Amino acid sequence: MEGAHCHHVHAPFGSPFAGLIPSTFPPGTDPNVVACFQLADVDGSGFIDDVELHKALSSCDQTFSARTVRLLMHHFTNSNVRKIGPREFSCMFYSLQEWRAKFESFDQDRSGKIDAFELREALRSLGYRISPVVMDLLISRFDKYGGTSRAIEYDNFIECCLTVKGLTEKFKEKDTALCGSATFTYEAFMLTVLPFLIA
Ligand SMILES: [Ca+2]
């Protein structure tokens, strides 16, 4: 579910110092997005770090957990570098708008949360086939009340979807025969799963 405005999200490559140079806004970026970036970039470094992003996202009518922020950064940089430049920010901006729209359409009873039934429908419509056992784990894990409310809020919903999406993509890379089974070395397995646990 990437923004329609950004089909190519890459980690910086080429020069080993590429990551130190801020990216640039894609041509035709909405001036409001640029303004949002400049507002969020409190220290004017040209990058937005995890603390700045957390503050920027939480200042709206919405709370964002620090964990969701770090997972978003991981998703948009494909690395554990906790800072994003204009280009990544722009992609994230549009992507969050899409997440918000999705969240509202999946929240069928307008409770402001996605319950177990709604999550099943949501993940199904996003193309993931999740078993009831895994679904139950997801609800327990991403319910910020420790599983007692059996429903997940907006930031945790993003986190849940990014986790399912990220792990599914990593799995599919190894499931070359598309048979639902993959072989990982120990190292590859750890490197695949750990970013989702420690974000
Ligand atoms: Ca709901």
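In what follows, the structure referred to is the one given above.
The following refers to the structure shown. Here the structure is a predicted model, which means the values were calculated and not measured. (Residues numbered from 1 in each chain as written. Predicted model: local features only at pLDDT ≥ 70, side-chain atom pairs only at ≥ 80, totals over all residues. Heavy atoms only, no water.)

Turning our attention to the overall build of the protein. When helices and strands are counted, the protein shows eight helices and four strands. For the protein, the α and β elements follow one another from N to C terminus as α-β-α-α-β-α-β-α-α-β-α-α. The 199 residues of the protein split such that 38% are buried. Long-range contacts, defined here as pairs at least 24 residues apart, represent 58% of the contacts in the protein between residues at least 6 apart. (Helix = DSSP H or I, 4+ residues; strand = E, 2+ residues; numbered from the N terminus. Buried < 20%, exposed > 50% of the residue type's maximum accessible area, 1.4 Å probe, protein only. Contact = heavy atoms within 4.5 Å.)

For the calcium ion, the protein coordination sphere consists of Asp107 (OD), Asp109 (OD), Ser111 (OG), Lys113 (O), Glu118 (OE) and Glu118 (OE), at 2.1 to 2.8 Å. For the calcium ion, the six donor atoms in the first shell make angles of 50 to 157 degrees at the metal, so the coordination geometry reads as irregular. Summarised as a motif, the one-chain spacing of the donors to the calcium ion is D-x1-D-x1-S-x1-K-x4-E. (Donors = N, O, S within 2.8 Å, 3.2 Å for Na, K, Ca; no water. Tetrahedral: all angles 85-135°; square planar, octahedral: opposite > 155°, others 65-115°.)

To continue, consider the packing of helix α3 (residues 66–77) against helix α4 (residues 86–106). Two elements in contact, α3 and α4, have axes separated by 10 Å at closest approach and are oriented at 115 degrees. Note on packing geometry: the crossing formed by α3 with α4 is right-handed. On α4, the residues that touch Leu72, Met73, Phe76 and Thr77 of α3 are Glu88, Cys91, Met92, Ser95 and Leu96. Residues that form the contact of α3 with α4 fall into these classes: six nonpolar, two polar and one charged. (Axes fitted to C-alpha atoms, helices over the stretch in contact; angles between N-to-C directions. Left-handed = near helix turned anticlockwise from the far one by under 90°. Nonpolar A, V, L, I, M, F, W, Y, C, P; charged D, E, K, R; others polar.)

This part is about a nonpolar patch on the surface. Together, Leu194, Leu197 and Ile198 make up an exposed nonpolar region whose accessible area comes to about 300 Å². Along the chain, Leu197 turns up in helix α8 (residues 186–198). (Patch = residues over 30% accessible without salt bridge, like charges linked within 9 Å, V, L, I, M, F, W, Y side chains within 5 Å. Areas by Shrake-Rupley, 256 points an atom, 1.4 Å probe, with all protein chains shown as cover. Salt bridge = Lys/Arg side-chain N within 4 Å of Asp/Glu carboxyl O.)

Tracing the backbone through its elements, the reader meets Glu88 in helix α4. The charged side chain of Glu88 is buried without a salt bridge, its nearest counter-charge being Arg87 at 4.5 Å. A polar contact is formed between the side chain of Glu88 and the backbone nitrogen of Gly85, at a distance of 2.8 Å. Not counting chain neighbours up to four residues away, the residues in contact with Glu88 comprise Ser23, Phe76 and Thr77. (Lys, Arg positive; Asp, Glu negative; His and termini not counted. Polar contact = N/O pair within 3.5 Å; in protein donor to acceptor, adjacent residues only side chain to side chain.)

By size, the foremost hydrophobic cluster in this structure holds 39 residues, and its most contacted members are Leu53, Leu72, Leu96, Leu119 and Phe157. Of all elements in the fold, only α1 (31–40), α2 (50–58), α3, α4, α5 (116–125), α6 (132–142) and α7 (154–174) reach the threshold of two or more residues within this core. Here this core gets eight residues from one element, more than from any other, and that element is α4. Beyond its immediate sequence surroundings of up to four residues, Leu53 is in contact with Ile48, Val69, Met73, Ile84, Phe89 and Met92. (Core = buried A, V, L, I, M, F, W, Y, C linked by side-chain atoms within 4.5 Å.)

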